[in-house]
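One letter stands for each residue in the lines below.
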Amino acid sequence: MGLIELDSPHLSICRKCELLGLNRSTYHLPPATESEENLRLMRLIDEQYLKTPFCGSRRMTVFPGTSREAVNRKRVRRLMAIMGLEALHPKPRTTVAAPDARAYPYLLRDEC
């Protein structure tokens, strides 16, 4: 790890990790990385997303680059989430009233 000096005899590894606010397991375990196949799929998904940003994970599984292999929709969705990609489409706006719409009073409020 780059932040912890291995040849420093004054502090133990446990104390160094404590001072940095890291768990000791983060020092001993190598950082997790994606496989080569996932990186290749992420590259294909990114290229297709630049062409069609309105397509979500369902459509990304059937494009020619990804449909040559058996790619699960859940895998495509996970990889898109890692890359921070989301389909561009209108979101629901069900509670936004028009600015010039008339608001009618509820006349039965105190009738009980």
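What counts, and at which threshold
- Residues numbered from 1 in each chain as written.
- Predicted model: local features only at pLDDT ≥ 70, side-chain atom pairs only at ≥ 80, totals over all residues.
- Heavy atoms only, no water.
- Helix = DSSP H or I, 4+ residues; strand = E, 2+ residues; numbered from the N terminus.
- Buried < 20%, exposed > 50% of the residue type's maximum accessible area, 1.4 Å probe, protein only.
- Contact = heavy atoms within 4.5 Å.
- Disulfide = S-S within 2.5 Å.
- Salt bridge = Lys/Arg side-chain N within 4 Å of Asp/Glu carboxyl O.
- Axes fitted to C-alpha atoms, helices over the stretch in contact; angles between N-to-C directions.
- Parallel < 35°, antiparallel > 145°, perpendicular 65-115°, else oblique.
- Core = buried A, V, L, I, M, F, W, Y, C linked by side-chain atoms within 4.5 Å.

**Quick look at the overall build of the protein**
A count of helices and strands for the protein gives six helices and zero strands. Put simply, the protein runs from its N terminus to its C terminus through helices and strands in the order α-α-α-α-α-α. Principal axes of the C-alpha set define a box for the protein whose edges measure 80 × 50 × 25 Å. Burial analysis of the protein (112 residues in total) assigns 22% to the buried set. Put simply, 49% of the contacts in the protein that link residues at least 6 apart link residues at least 24 apart.

**Digging into the state of the cysteines**
Under the definition given, this model contains zero disulfides. As a non-bridged cysteine, Cys14 has Cys17 as the owner of its nearest cysteine sulfur, 7.2 Å distant. On the accessibility criterion, Cys14 (37% relative accessible area) is partly exposed. Assessed through its relative accessible area of 0%, Cys17 is described here as buried.

**A closer look at the pattern of salt bridges**
All told, the structure shown has four salt bridges when counted by the stated rule. The salt bridge involving Glu34 is made with Arg78; its shortest N-O contact spans 3.5 Å. One end of the pair, Glu34, is in the loop between α2 (24-28) and α3 (36-51); the other, Arg78, is in helix α6 (residues 73-83), and 44 residues separate them in sequence. The exposure class of Glu34 is partly exposed, given its relative accessible area of 27%.

**Some thoughts on the packing of α3 against α6**
Helix-helix packing is described using two parameters, namely the angle between the two axes and the distance between the axes. Relative orientation of the contacting elements α3 and α6 amounts to 75°, with a least axis distance of 10 Å. In terms of orientation, α3 lies roughly perpendicular with respect to α6. On the side of α3, the interface is formed by Glu37, Asn38, Leu41, Met42, Ile45 and Asp46, while α6 contributes Arg75, Val76, Arg78, Leu79, Met80, Ile82 and Met83.

**Focus on the environment of Val71**
Note on placement: Val71 falls in the loop between α5 (64-67) and α6. Distance in space between the C-alpha atoms of Val71 and Leu11 is 49 Å, their sequence separation being 60 residues.

**Focus: the nonpolar core**
Generally speaking, a soluble globular protein has its nonpolar side chains buried in company with each other. Leu41, Met42, Ile45, Tyr49, Cys55, Met60, Phe63, Val71, Val76, Leu79, Met80 and Leu85 together form the largest nonpolar core, which totals twelve residues. Among the secondary structure elements, those contributing two or more residues to this core are α3 and α6. Discounting residues that sit within four places of it in the chain, Met42 has contacts with Glu34, Leu79, Ile82 and Met83.

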